[in-house]
Every structure is written in structure tokens, then in C-alpha cells.
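Next come the chains, spelled out residue by residue.
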Amino acid sequence: MMDRPEWFGDFCVETAPTPAVVVLFGAGGDLAKRKLFPSLYQLFCAGLLHRDSRIACCLRSGEGFREKIRAGLPEDGGDREAFLDLLDLVTGDYRKPEFFQGLKEYLHAMDHRQGIKPCNRLFYLAVPPDACAGTVEALSHAGLLEESGSGAPWSHVILEKPFGKDLQSSLELDRLLHCYLREDQIYRIDHYLGKETVQNIAILRFANTIFEPLWNNRYIDHVQITIAEDLGVEHRAGYYEQSGLVRDMFQNHLLEMLSLAAMEMPDTFTADAVRDEQRKVIDAIRRYDAAEWVANCVRGQYIAGNGMAGYREEPGVSAGSMVETYAAARLFVDNPRWAGVPFYIRSGKRLPARQSEIAIVFKRIAHSVFAPVPAEAITGDTLVMHVQPEEGMDLTIQAKHPGPRLCMGPMTLHFHYSELAKTTEVTEAYARLLLDGMLGDPTLFMRSDLITSGWELFTPLLQLWEKDPAKMPLCFYPAGSEGPAESAQLLLRDGREWRPIRQG
């Protein structure tokens, strides 16, 4: 076996964090059960959750709690009972000051365990958006966010989206958070950034000479970014009626994926250097006025079809709801690298399959020597980075079909991360981000100015829908279809078409 280079340990081997207390608000909620506890368990089994760490589970009542968490953990992953022993229950109503006094006493006791140094503190707020600022304020008033200086334990706060509902509310939330926290203490989570494929975009571009020289408007025809879901709103109708698709997916997930795919090479691969380049991309996206948004965006809502109920028939949804469950837009990044290249983005509920991907579609050849096949009949090569459900990438190129005749056609080269499962465990997105939060690495978290720039882009669109919805009528599409016909026209008028949304 080839000797590992000197840099391997620093670059390729996961770093285990020092002991920490993970304080999980909303420990009894759906997110914690489905994602957070299984992710913490994955870190525990991999030796990446220090054995002296504790998980403080903040919830109203602890009755039956451990049994519920045990049932959600894989049976063959490791020692479930040893992991469950790390869980401490801190029960009560955390809308009241006395709860935080009890939490302070618990954390004080953790800091004075025999033979164990005071632990770092990671506060995870898996709570409704309107409870975030109040929880941070209460933590601060209890003295739980203070950091005494270099080398002393730190206090980090992880926040779940949404970060406001428009530009003004986002700025107000940001102002409130910075009353009690420094920016380097705030970790705004976007779980899409924890996906292996999303992280791999930078390495694909900047570590391979075959791609970076082609990553510009000279060779790329257009980019498609899709986040499709086959489910409806499920149990999230209350949230969705206040949010809608654009607030839920465009301003965060889609914009983050676009900025990573389009950014310039950072000077160094450090948190602020990467996010500085992302910010430049988002700032460079063309700002539309109302008329331009009408020409470059489609909004839709699913109706009954294929044996499935329509959005307005879902429990908790208003019978006359005008909330969009689908949106598609054509954006332009006005900088020298991307001038003239359209970025088509779309997301929707009740589509044919669960599928998230970034597709880089290269230009067709200018001239064909393969008579009688004209150049316009030869499709452009396509690089597809699959984010979910199966992470990996495909590269479709033109090749000769087997046989004696000179017959060409597309051939796809596949790579999927699941193929590495026998030698490398693929880390769940939340596990990656929880580990980074405990290590103090903010690279895969959203910085305040990125969020502000995103809201500056999309708030005029949201205001248009609220103030003058007739200018961009809601388009309806049957559940299980690929979205409204108007979305297809968004590309067809440019002589292009959406990639199909398919299972597998």
C-alpha cells in the first residue's frame, strides 16, 4: 500500500471534538427524532462524539422519551444503550425564566464533574422560528452564552431556517441575535450544505484541470438546479401556509447550491474565504423589477391527480389558499464568468420523484464532421451532480455505439457515493454539520450577509405576489406531474427544456 502523504492526517482524517454538552431545544420534536438523534448516534459510533460529552434534551415531559429515541436508532449501528446513557433530560417550559435557571444549574454541574474539564456548549434550537430570538435572549439573560476568553469553553448556537420571512424580518432577527451573540457564535444551518455532493462541488471544480477551464460562459450553455419532492406538505401545513415554496426552498437551499456551483476559486479553503466568494455570486445575480419577475418566474400549486389530494384539500390548508407549492425561475449572474448563461432553478411538492441535482449543460459543438449528422442534432455534454436521494455524479458525453457503423449517441459515466459504502461510511448531512458545530468550523453554515443578499433578491418577488397577485397568476398542476405547463414554457422559449424528474 502506498504511504500516506504528510498532509493526509490534517486533511483526510476526521477530527474528534473535545468534550461538549449538546443542549437540544425541541428534543421531543419530529426533527430531533428523525435527524438529530440518529446523526448524533452516527457520530458516537464513529468515535466522533467524545465519551465525556453529554446531550441535554430540553422538553416539556420526559415520559417515554428514551424508548422513543431508542426505537429511532439503527439496531446494527453500535451500542445504543451506551449512547442513550449520554442523554440527560432537562424538562419544563422553556418559555419561562425558571427553566433556564434549572438549565444553568445543570450545566454548572456538568462543568464540575470530577476529573473532567468544563465542556464546550452547543445549543441547538430545533424550535419554531418565532421562538428562536426569545430563546437566545433567555439563554443570554441566564449567563449561558458568555465566553471568558482564549482557551476557555465556547458557546455556539445552531439555528434552523427560516431566517426571517422577508428582508425586513431577516434584518430584525439578525439585529436581535447580535444583541446577545457574536457572528462567530451563530451557526445557521442549511442541511443541504452537509450533503457529500454539495461539498464535493468545490473539489470537482478547483482540484481538476479538466473542469475549471470549461466552467464559464464560453463552454457552458445553461445550468439547471432542481429540488423536487414527491410528498405533499404532510404535517407541515401550518408552517407552509405562512411560508410557501419560495421562502422554504429558494432563498436558502437553491441559492446556496447556485452560489457554490458558480463562485470563483477562493484564495484559501477557509470558512470566510469560501463564503466571501458565495456572497459575490449572490450579489451579482440580476435584480429584477416586477415586470422582469413576471417574465422570468412561474408559481404553481398542486391539485388532485394520480390518486392524490390537492394542496387545498390537505389538513390545515385554507380552502382558497393561494400559497405556491411550486416555483421556477430564470436567473442571470452578471459577472465576466457567467454573462449570458441562464441559471434555471425550480422546486416543488407532489412531483413525480424525490430528486435534487445540479446539471451543468455544455454547449453543442459548432461544426459536425460526422455527415450527415448536423451539429445541432448533437446534444451538449452534461455533468449532473446528484444531491439526493442517491448522492453522486453523472457525466454524459457523445460516443460511438458498438458495431461496424459510425453511429454516435450519448453515453453516461456514473459515480455514486453508495459504491464506497464498503470502505467509507457516508456521513448523514446533519451529522456532518453537528460535528462541524462542535469543532467550531462554520464553512458549511450560512453567514448573515449571505442571508441578507438572498432576501434582497427574492423579497420583491414575494411583495409582487402579495400586492398584485393578478400579474403572476397561480398555475395549477396535477399531483404527481412535473409541474405546471407554464414552467416548461420558461425554457422552451429559450430553445431548451427541463431535465425529466424520474425515480432512481
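Preceding block: the structure.
How each quantity is defined
- Residues numbered from 1 in each chain as written.
- Predicted model: local features only at pLDDT ≥ 70, side-chain atom pairs only at ≥ 80, totals over all residues.
- Heavy atoms only, no water.
- Core = buried A, V, L, I, M, F, W, Y, C linked by side-chain atoms within 4.5 Å.
- Buried < 20%, exposed > 50% of the residue type's maximum accessible area, 1.4 Å probe, protein only.
- Helix = DSSP H or I, 4+ residues; strand = E, 2+ residues; numbered from the N terminus.
- Contact = heavy atoms within 4.5 Å.
- Phe/Tyr/Trp six-rings, centres within 6.5 Å; stacked < 30°, edge-to-face > 60°.
- Pairing = 2+ DSSP bridges.
- Axes fitted to C-alpha atoms, helices over the stretch in contact; angles between N-to-C directions.
- Salt bridge = Lys/Arg side-chain N within 4 Å of Asp/Glu carboxyl O.
- Lys, Arg positive; Asp, Glu negative; His and termini not counted.
- Polar contact = N/O pair within 3.5 Å; in protein donor to acceptor, adjacent residues only side chain to side chain.

Notes on the nonpolar core
Side chains of nonpolar character tend, in soluble globular proteins, to be buried together.
Here is step 1: Phe 25, Phe 37, Phe 83, Leu 103, Phe 123 and Trp 293 are the most contacted members of the largest nonpolar core, which has 144 residues in total.
Here is step 2: Per-element tally for this core: the top contributor is helix α10 (residues 245–262), with 11 residues.
Here is step 3: When residues no more than four places from it in sequence are discounted, the contact partners of Phe 83 are Phe 37, Leu 40, Tyr 41, Phe 44, Leu 49, Ile 55 and Leu 73.

Remarks on the packing of aromatic side chains
Here is step 1: One pass over the full model with this rule turns up 19 aromatic pairs.
Here is step 2: Between Tyr 288 and Trp 293, the ring centres sit 5.0 Å apart and the planes meet at 90 degrees, which makes this aromatic pair edge-to-face. An identical accessibility class is assigned to Tyr 288 and Trp 293; each is buried.
Here is step 3: An aromatic cluster of three or more residues is present, and its members are Tyr 240, Tyr 302, Tyr 311, Tyr 326 and Tyr 477.

Considerations on the sheet that holds strand β14 (residues 408–416)
Here is step 1: With respect to topology, nine strands assemble into an open sheet ordered β14-β13-β12-β11-β7-β10-β9-β8-β15, the strand pairing being mixed. Looking along the sheet, the strands with just one partner apiece sit at the ends: β14 and β15 (475–478). Each neighbouring strand pair of the sheet contributes to a mean axis angle of 20 degrees, computed without reference to strand direction.
Here is step 2: Pairing between strand β9 (residues 326–332) and strand β10 (residues 342–348): seven bridges, direction antiparallel.

Focus: the pattern of salt bridges
Here is step 1: Tallied over the full model, the rule gives 33 salt bridges.
Here is step 2: For Asp 111, the salt bridge goes to Arg 121, with nearest N and O atoms at 2.7 Å. Linking Asp 111 in helix α5 (residues 97–111) with Arg 121 in strand β4 (residues 120–125), this pair joins segments that are 10 residues apart in sequence.
Here is step 3: With a relative accessible area of 15%, Asp 111 lands in the buried category.
Here is step 4: Across the pair Arg 279 and Asp 449 runs a salt bridge, and its minimum N-O distance is 3.1 Å. With Arg 279 in helix α11 (residues 271–284) and Asp 449 in helix α14 (residues 448–467), this pair connects stretches of sequence that are 170 residues apart.
Here is step 5: On the basis of relative accessibility, which here comes to 27%, the residue Arg 279 falls in the partly exposed class.
Here is step 6: If you follow the salt bridges from partner to partner, you end up with Asp 272, Arg 275, Asp 276, Arg 279, Asp 283, Arg 447 and Asp 449 in one network.

Considerations on the sheet that holds strand β3 (residues 87–91)
Here is step 1: As summarised here, the arrangement of the six strands in space is β3-β2-β1-β4-β5-β6, forming an open sheet in which the pairing is parallel. Strands with a single pairing partner mark the edges of an open sheet, and in this sheet they are β3 and β6 (186–189). Shown here is a sheet whose adjacent strand axes are inclined to one another by a mean of 20 degrees, direction ignored.
Here is step 2: Bridging between strand β1 (residues 20–25) and strand β2 (residues 54–59) involves five bridges; their strand directions are parallel. Its bridge partner lying in β2, Phe 25 is registered against Cys 58.
Here is step 3: Contacts from helix α6 (residues 129–141) reach β1, β4 and β5 (155–160), with the element oriented near 155 degrees to β4.

Some words on the side chain of Glu 324
Here is step 1: Along the polypeptide, Glu 324 turns up in the loop between β8 (297–303) and β9.
Here is step 2: Lacking a salt bridge, the buried Glu 324 has Arg 299 as its closest oppositely charged neighbour, with an N-O distance of 5.2 Å.
Here is step 3: Within polar-contact distance, the side chain of Glu 324 engages the backbone nitrogen of Leu 245 at 3.0 Å.
Here is step 4: At 2.9 Å, the side chain of Glu 324 and the backbone nitrogen of Val 246 are in polar contact.
Here is step 5: Apart from residues no more than four positions distant in its own chain, Glu 324 is found in contact with Tyr 240, Ser 243, Gly 244, Leu 245, Val 246, Arg 299, Gly 300, Trp 465 and Leu 474.

Spatial relationships are all this shows, so hold off on functional conclusions.
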